[in-house]
Amino acid sequence: MKILVAVKRVVDYNVKVYPKADGSGVEIANVKMSMNPFDEIAVEEAVRQKELGKATEIVVASIGVSQCQEVLRAALAMGADRAILVETDAAPEPLVVAKLLKALVEREQPNLVILGKQAIDDDCNQTGQMLAALLGWGQGAFASKLTLGEQEIEVIREIDGGLETVALKLPAVITADLRLNEPRYVKLPNIMKAKKKPLATLNPGDLGVVLATQLTTLKVAEPPKREAGIKVADAAELVAKLRNDVKVI
Amino acid sequence: MTNLLVIAEHDHATLKAATLNTVTAARNIGGEIHLLVAGNHCAGAATASAKIPGIAKVLQVDADHYARHLAEDLAVLIAGLAKDYSHVLAPATTFGKNLMPRVAALLDVTQLSDIVGVENADTFVRPIYAGSMLATVRCSAPVTVITVRGTAFAAAASEGGAAPIETVPAAPPLGVTRFVGQELTTSERPELTAARIVVSGGRGMGSGEGFKLLEDIADKIGAAVGASRAAVDAGFVPNDYQIGQTGKIVAPELYIAVGISGAIQHLAGMKDSKIIVAINKDEEAPIFQIADYGLVGDLFKVLPELSAELDKLPPA
């Protein structure tokens, strides 16, 4: 069984971002970039399926600028077998990413595609569901547990009221939620080994996909800031304030 | 002319609250609003929908394969209907987030996630980077597919309207996904995203036992109980308690954060609350920077005191 994992290069989880001076976007020059944390969970899950003997090959793909090779190498160090970069000037919209991934799926013929549920930069939470729609496959979005069978995959999904279990016919698309697993710490020898694993580069044209845009960002700004209030001495003072000053209890 | 289709979230018998906030977002765009109620034996939810003032028409669809609201099957139905509309909207709940990108892809259009503002019929405001930034975006797609953040729009009234209910035929099932089961958290307390007061615990609670102290407080003031990601990951409480960027977004009148340090991913889920109270033993905790009232102290001492003070309080 072959698994395709898609990863995105984003501003690192720990970096505080600021709008560009002209408000046209977010300042990402000279900012530390990393693999999207949810995608790291997706890679980890694929590697675990291989370690369980259920998957035989893991192909990891990324779409974006040439520096995305760094996150692909990171995924190879975690245990993916080979990588594909679809090189573009900027990060395309989720629908375009889904179309590029669909074209990769048609080339690679995986039995399962795993993605992170959302990227922590644009917070869209769309690509996996869109890819599943374009392929006509089932989708296990916000997955917290996978049981991979021969014909079907059983997925426990995190939903607002609790958990839902669905069974998807294979091939299928999964998007990883936080509690699917905890990604491993990568050891140095594996980082060295990853440098020798194959990494192919393609252009959107090779995949027959046109990079169309339907969204224009007009402005990016910080939301109004909340001011810190006052400190209260004890529970009695707190209750008095909540009852008498702001009247919420 | 704008024609808007709002996808109702419901349990077949009743409407989920987030549907009403989505109707308000649709009204802010302007135009004729239709509400789609797709399920199985969902006359109850359709009747409730018809009572929302300002709805021109309710479309009711009943079929076995809509009983579990599987995105795979609903998306085919909605994409088929969408050709008659300029906008299709759903709540940005796990229901809407699962469904709407699938609808958009079938229509070959982009999707706007989690909007918090409507500038005009094609321009919207949405949070990025866990809400630390707001982006104003213009959409040029022939159909604008949107998920709506409920806390950013007031709930529409649920009584007073009398829209006609039209029955619409189901689309064929896609047959790729089978519902197996559900494990829902049951609680006597208010629903987290609709509660007037939320009491929320973090890693500082130390254990699931620690949360009992919070539940005691919550029951005295009619609050819902939430948690930070750290508390959920530690197994103190179930996943559906999680408030934050990847959990639930809440904006109650009063939010009491206990033993929560205030990571940006948590703040993303609660910083629009009207009054924020923070109780934490670390006076440097970032949560104090956004709290209206801060109380520095050991929560295992403060919570019993708070409970006793609430007992002394005369009825409001």
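Each remark here, short or long, concerns the structure printed above.
Residues numbered from 1 in each chain as written. Chains lettered and ligands numbered in written order. Predicted model: local features only at pLDDT ≥ 70, side-chain atom pairs only at ≥ 80, totals over all residues. Heavy atoms only, no water.

Quick look at the interface of chain B and chain A now. Where the parts come together, the accessible area they lose is often given as the size of the interface. Counting residues at the interface gives 90 residues for chain B, matched by 79 residues for chain A. Together, the buried faces of chain B and chain A total about 7000 Å²; carbon and sulfur atoms form 54% of this surface. If you sort the residues of chain B by the area they bury against chain A, Y129(B), M133(B) and Y293(B) come out on top, with a joint share of 11%. Here chain B and chain A share 4 salt bridges between them. A salt bridge links E152(A) to R178(B); the nearest nitrogen and oxygen atoms lie 2.8 Å apart. Put simply, chain B and chain A have 48 residue pairs in polar contact (both at pLDDT 80 or more) between them. Split into classes, the residues belonging to the side of chain B that touches chain A amount to 45 nonpolar, 24 polar and 21 charged. Here strand β13 (residues 230-231) of chain A pairs with strand β16 (residues 293-296) of chain B via 2 bridges, running parallel. Each residue of the ladder has a partner; that of K231(A), found in β16(B), is G294(B). (Contact = heavy atoms within 4.5 Å. Buried area = accessible area lost by both parts, 1.4 Å probe. Salt bridge = Lys/Arg side-chain N within 4 Å of Asp/Glu carboxyl O. Polar contact = N/O pair within 3.5 Å; in protein donor to acceptor, adjacent residues only side chain to side chain. Nonpolar A, V, L, I, M, F, W, Y, C, P; charged D, E, K, R; others polar. Pairing = 2+ DSSP bridges. Helix = DSSP H or I, 4+ residues; strand = E, 2+ residues; numbered from the N terminus.)

Formed by 99 residues in total, the largest nonpolar core has its most connected members in I7(B), L36(B), L89(B) and L99(B). When residues of this core are assigned to their parent elements, the largest contribution, 9 residues, is made by helix α3 (residues 94-108) of chain A. Once you skip the residues sitting within four places of it in the chain, L89(B) turns out to touch L4(B), L5(B), V6(B), I7(B), T22(B), A25(B), A26(B), I29(B), M100(B), I146(B) and V148(B). Core analysis: the second largest hydrophobic core is formed by 38 residues, I41(A), A42(A), L112(A) and A172(A) among them. (Core = buried A, V, L, I, M, F, W, Y, C linked by side-chain atoms within 4.5 Å. Buried < 20%, exposed > 50% of the residue type's maximum accessible area, 1.4 Å probe, protein only.)

Now for empty space enclosed by the protein. All names here are of chain A. A complete count under the given rule lists 3 cavities of 30 Å³ or more for this structure. Considering only enclosed or pocket space, the largest cavity measures out at about 320 Å³ in volume. What lines the largest cavity is a set of 25 residues, and nearest its centre among them are K8, D39, V97, A119 and T127. Going through the elements one at a time, β1 (2-7), β4 (57-64), α3, β6 (112-116) and α4 (127-135) are the ones with two or more residues in the lining of the largest cavity. Looking at the lining of the largest cavity, its residues break down into 12 nonpolar, 8 polar and 5 charged. (1 Å grid on protein atoms, 1.4 Å probe; cavity = no way out; pocket = protein on both sides within 12 Å on 5 of 7 lines; lining within 4 Å. Points joined across faces, edges and corners; volume = space filled by probe spheres on them.)

It is worth spelling out the pairing of β4(A) at this point. Residues and elements named next belong to chain A. Among the 8 residues in β4, 7 count as buried, and that is most of the element. One ladder, built from 6 bridges, connects β1 with β4; its direction is parallel. Across the sheet, residue K2 finds its bridge partner in β4, namely E57. Looking at chain direction, β4 and strand β5 (residues 82-87) are connected through 6 bridges and run parallel. The partner of I63 across the bridge, within β5, is V86. You can see the chain leave β4, run along helix α2 (residues 68-78) and come back into β5, and the turn it takes is right-handed. (Right-handed = clockwise from strand over helix to strand, strands pointing away.)

Spatially, β11(A)-β5(A)-β4(A)-β1(A)-β6(A)-β10(A)-β7(A)-β8(A)-β9(A)-β11(B) is the arrangement adopted by the 10 strands of the open sheet, whose pairing is mixed. At either end of the open sheet lies a strand with only one pairing partner, and these are β11 (199-202) of chain A together with β11 (177-184) of chain B. Within this sheet the neighbouring strands show an average axis-to-axis angle of 35 degrees, counted without direction. By the bridge criterion, 5 bridges tie strand β7 (residues 138-148) of chain A to strand β8 (residues 152-159) of chain A in an arrangement that is antiparallel. From the neighbouring strand, A143(A) faces β8(A), where its bridge partner is R157(A). Of the strands in this sheet, β1, β4, β5 and β11 of chain A are in contact with α2(A), which crosses β4(A) at around 165 degrees. (Axes fitted to C-alpha atoms, helices over the stretch in contact; angles between N-to-C directions.)

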